[in-house]
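Descriptive analysis of the structure
So the chains spell out like this:
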Amino acid sequence: MGGQGHFFFGSGDFHRQIAGIRCLKRLKGHAMNNPLYDTMFAPHAGKQTPFLHLPDGAIITHDGFIRRAAQLAHALTGYGVKVGDRIAVQVEKCPDMLALYAACAQAGVIFLPLNTAYTGAELSYFVEDSGAKLLVGDPARAAGLQDVADAAGAVFATLDARGGSLSDAADKSPESFGTVARSGDDLAAFLYTSGTTGRSKGAMLSQNNLISNAQTLTGLWRFTADDVLLHALPIFHTHGLFVATNVMLVTGGAMVFLPKLDVDQLIDWMPKATAMMGVPTFYTRLLDDARFDRALTQGMRLFISGSAPLLADTHVAFEARTGHRILERYGMTETNMNTSNPYEGDRRAGTVGLPLPDVALKVCDADGVELPRGETGVVEVRGPNVFQGYWNMPEKTAEELRADGFFITGDLGVQDADGYVTIVGRGKDLIISGGYNIYPKELELVLDEQSGVLESAVIGVPHDDLGEVPLAVLVPLAGAQIDVEGVKAAVGNNLARFKQPRRYEVRDSLPRNTMGKVQKAALRAEYGA
Ligand code: MLC
Ligand code: AMP
């Protein structure tokens, strides 16, 4: 049975890891008024230890961070935000954006971070759909964002690394805030994830979803207060926020908080760090730099990869260069992390490791019937990490979350006799580019509206740096010409840059099967080479 989430380390090792997790949970087990705040933030009040190392060498201590969060919680209240409200946040990565996450936890507000690349049109959907009370955005885009907020009936405030109206309000506020009582079942965050219909869905994550996963990963990956994590991921997604940041908040360690992936900065800071988390592009770019070698990484104890498949070749090349075996894990927005290669024991290249100790994982056929080990099917998971459903979308929730609590991931996988899981593909039509998800349907809806276009199909094609990138195949209306430059411009006005096709092809028709379904595999075979 693969159903109980067995974790196969050397057996003594396994029990030590579980014991570590239980111990952590017991420590946090005293009565809590607000489990998320009391687990991740409250313990750091008064600590003068470094929490964030900034690129210019400045340090924000744990205590300084907690005090800033309290000021921001006051500022939120000042804007009329109440317990259970959502706030949508599209802010460049900076310490205040992270402190806003803490402020939301403390004030019982639901944090909804958004990709900074989203256009106004994309943003409008999220603010309206979530019913966000407040939109916090970049001062440089204030005019357009104010319109987005007005149209959605939300209040607008600005924030970036230099300041903004939210920051000004926080500056004038007290440095302590009465933590709002919440339960572990209360919602802590919404993360939007696109769907095969092209309509994004707000995944609702409870306090317990976040806490359980962070505690599990902390124990498994042996993070302690002595760790210094190189953090160059965005903080509007699961990886940078709920994996990287939450783990460091559970342990009380420090982060080198870099605005984005910059190989020079990673190399400069690596001698001061102990661990790094990144998408595969982080690892391929580091390997492209001759300065990245065994000597540079000698103080590092752990490199973790996820969000997209890490090529086995990268794993092998990384070990040959540095002596470190990358630890690959697998997760998603709706579930946080589901599987991980072991800290001690065999980190197998090309696999995403074993189900986490508190996660049950099954490989199933389309009806949800568990398949024998070794057979490929859809991965389903259940555990305290699995989300509470999609906001205002009961039908979508019912389609993907079974009544018995198993979530249908849409990923195709296989589990071997030792329990190791390999993700072999996706049942869902999804492109993952540099760790960002791109849903072809969303692009096709825009492309199909363009003048001269009869229909379109978007496929992912391999890309050395980003893993895969979208390619658009366009079919003209009978007798019409397609102005590809015009189509590109229209796409540019509607969709974030990272989603935009890198290549366009025009052809007379799309290959279809006997049911009339477009055969994307045939297109990938034709254009993907
Ligand atoms: C940037 N660009 C991208 C892109 N990122 N295009 C496609 N895919 C991407 N991921 C485009 C920009 O629009 C710009 O286009 C050009 O590339 C350069 O922009 P940049 O900002 O300088 O890019 P760069 O710094 O090189 O960023 C690449 C990256 C970044 C891979 C480092 O995208 C990144 O940090 N990705 C991580 C995403 C992530 O955290 N995913 C986790 C999801 S959670 P132009 O044309 O204007 O030049 C999840 C669950 C789990 O999946 O398991 O973790
Ligand atoms: P997101 O919806 O952005 O959270 O993306 C989640 C998806 O990323 C998963 O459903 C997988 O398809 C993919 N993913 C995450 N981690 C891995 C991994 N280690 N290997 C392969 N795919 C992964």
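What to know about the site of ligand 1
- Taken together, 23 residues lie around ligand 1, and Arg285, Ser307, Arg329, Ser433 and Arg497 are the ones closest in.
- Residue Ser307 places a side-chain N or O atom 2.6 Å away from an oxygen atom belonging to ligand 1.
- If ligand 1 stood free it would expose 1,000 Å²; the protein chains cover 75% of that surface.
- Among the elements of the structure, helix H9 (238–251), helix H11 (280–287) and strand S13 (327–332) are those that each provide at least two residues to the shell around ligand 1.
- A per-element tally of the shell around ligand 1 places S13 first, with 3 residues.
- Here the residues of the shell around ligand 1 are counted per class, giving 9 nonpolar, 9 polar and 5 charged.

Remarks on unusual backbone geometry
- Its identity as a non-glycine residue notwithstanding, Arg222 has a phi of 60°, on the positive side.
- Here Arg222 is to be found in the loop between helix H8 (207–220) and strand S9 (228–231).
- Overall, Arg222 belongs to the partly exposed group, its relative accessible area being 24%.
- Despite not being glycine, Asn336 shows a phi value in the positive range, around 55°.
- With relative accessibility at 1%, the residue Asn336 sits in the buried group.

Section: the environment of Val256
- Structurally, Val256 can be placed in strand S10 (residues 254–257).
- For Val256, a relative accessible area of 1% corresponds to the buried category.
- Placed 206 residues apart in sequence, Val256 and Pro50 show a C-alpha to C-alpha distance of 9.8 Å.
- When residues no more than four places from it in sequence are discounted, the contact partners of Val256 are His53, Val228, Leu229, Leu230, His231 and Trp269.

Focus on the nonpolar core
- Counting 115 residues, the largest nonpolar core has Phe41, Leu100, Trp221, Phe223 and Met276 as its most contacted members.
- The element that contributes the greatest number of residues to this core is helix H4 (residues 95–107), accounting for 10 residues.
- In this view, Leu100 contacts Leu72, Leu76, Ile87, Val89, Phe111, Val136, Leu159 and Leu166; residues no more than four positions away in its chain are not counted.
- Leu114, Val127, Leu474 and Val491 belong to the second-largest nonpolar core, a separate cluster that totals 35 residues.

Some details on the site of ligand 2
- The environment of ligand 2 is formed by 15 residues, the closest being Arg329, Thr333, Asp411, Lys428 and Asn437.
- Contact distances for ligand 2 include 2.9 Å between a nitrogen atom and a side-chain N or O atom of Glu328.
- A distance of 2.7 Å is found between an oxygen atom of ligand 2 and a backbone nitrogen or oxygen belonging to Thr333.
- Contact with the protein chains removes 93% of the 500 Å² of surface that ligand 2 exposes when unbound.
- If one sorts the elements of the shell around ligand 2 by residue count, S13 sits on top with 5 residues.
- Residues belonging to the shell around ligand 2 are distributed by class as follows: 6 nonpolar, 4 polar and 5 charged.

Some points on the side chain of Gln207
- Assignment of secondary structure puts Gln207 in helix H8.
- Judged by its relative accessible area of 3%, Gln207 falls in the buried class.
- Of note is the side chain of Gln207, whose polar atom sits 3.0 Å from the side chain of Asn34.
- A distance of 2.9 Å separates the side chain of Gln207 from the backbone nitrogen of Leu36, its partner in a polar contact.

Quick word on the environment of Lys172
- Here Lys172 is to be found in the loop between helix H7 (165–171) and strand S7 (187–193).
- Look at Lys172 and you get exposed, because its relative accessible area is 71%.
- Taking C-alpha positions, Lys172 is 7.8 Å from Gln71, a pair spaced 101 residues apart along the chain.

Notes on helix H16 (residues 520–527)
- Taken together, the buried positions of H16 are occupied by Lys520, Leu523 and Tyr527. For H16, the angular spread of the buried residues around the axis is 55°, confining them to a single face. Exposed and facing more than 90 degrees away from the buried side of H16 are Ala521 and Ala525.

Observations concerning the sheet that holds strand S19 (residues 421–426)
- Strand order in the open sheet made by the 4 strands is S16-S17-S18-S19, with antiparallel pairing throughout. This sheet does not close on itself; its edge strands, each paired only once, are strand S16 (360–364) and S19. Across the sheet, the mean angle from the axis of one strand to that of its neighbour is 45°, orientation sign disregarded.

Considerations on the environment of Ala244
- Mapped onto the elements of the fold, Ala244 is located in helix H9.
- For Ala244, a relative accessible area of 1% puts it in the buried group.
- On a C-alpha basis, the gap between Ala244 and Met276 in space is 8.7 Å, while along the polypeptide they are 32 residues apart.
- Contact partners of Ala244, with chain neighbours within four places excluded, come to Leu229, His231, His239, Met255 and Met277.

Topic: the pairing of strand S3 (residues 86–90)
- With respect to burial, S3 is a largely interior element, 5 of its 5 residues being buried.
- Covered by surrounding structure in S3 are Arg86, Ala88 and Gln90 together with Ile87 and Val89, the residues of both alternating faces.
- By the bridge criterion, 4 bridges tie S3 to strand S4 (residues 110–113) in an arrangement that is parallel. Bridging from a neighbouring strand, Arg86 pairs with Ile110 of S4.
- This β-α-β element, S3 to H4 to S4, shows right-handed connectivity.
- Direction of pairing for S3 relative to strand S5 (residues 134–137): parallel, over a ladder of 4 bridges. Bridge pairing links Ile87 to Leu134 in S5.

Here we look at the confidence of the model for the chain
- When pLDDT is averaged along the chain, the result is 93; 93% of the residues meet or exceed 70.
- In the model, residues 1–29 has pLDDT below 50 throughout and makes 62 contacts with residues more than four positions away in sequence or in other chains.

Focus on the sheet that holds S10
- The 9 strands lie next to each other as S2-S1-S10-S9-S11-S12-S13-S14-S15, forming an open sheet whose pairing is mixed. In the strand order of this sheet, the two ends are held by strand S2 (59–61) and strand S15 (354–355), each with one partner.
- Note: S9 against S10, 4 bridges, orientation parallel. In the sheet register, Val228 faces S10, and the bridge partner there is Ala254.

How each quantity is defined
Residues numbered from 1 in each chain as written. Chains lettered and ligands numbered in written order. Predicted model: local features only at pLDDT ≥ 70, side-chain atom pairs only at ≥ 80, totals over all residues. Heavy atoms only, no water. Near = heavy atom within 4 Å. Polar contact = N/O pair within 3.5 Å; in protein donor to acceptor, adjacent residues only side chain to side chain. Areas by Shrake-Rupley, 256 points an atom, 1.4 Å probe, with all protein chains shown as cover. Helix = DSSP H or I, 4+ residues; strand = E, 2+ residues; numbered from the N terminus. Nonpolar A, V, L, I, M, F, W, Y, C, P; charged D, E, K, R; others polar. Buried < 20%, exposed > 50% of the residue type's maximum accessible area, 1.4 Å probe, protein only. Contact = heavy atoms within 4.5 Å. Core = buried A, V, L, I, M, F, W, Y, C linked by side-chain atoms within 4.5 Å. Arc of directions from axis to C-beta. Pairing = 2+ DSSP bridges. Axes fitted to C-alpha atoms, helices over the stretch in contact; angles between N-to-C directions. Right-handed = clockwise from strand over helix to strand, strands pointing away. pLDDT = per-residue confidence, 0-100.

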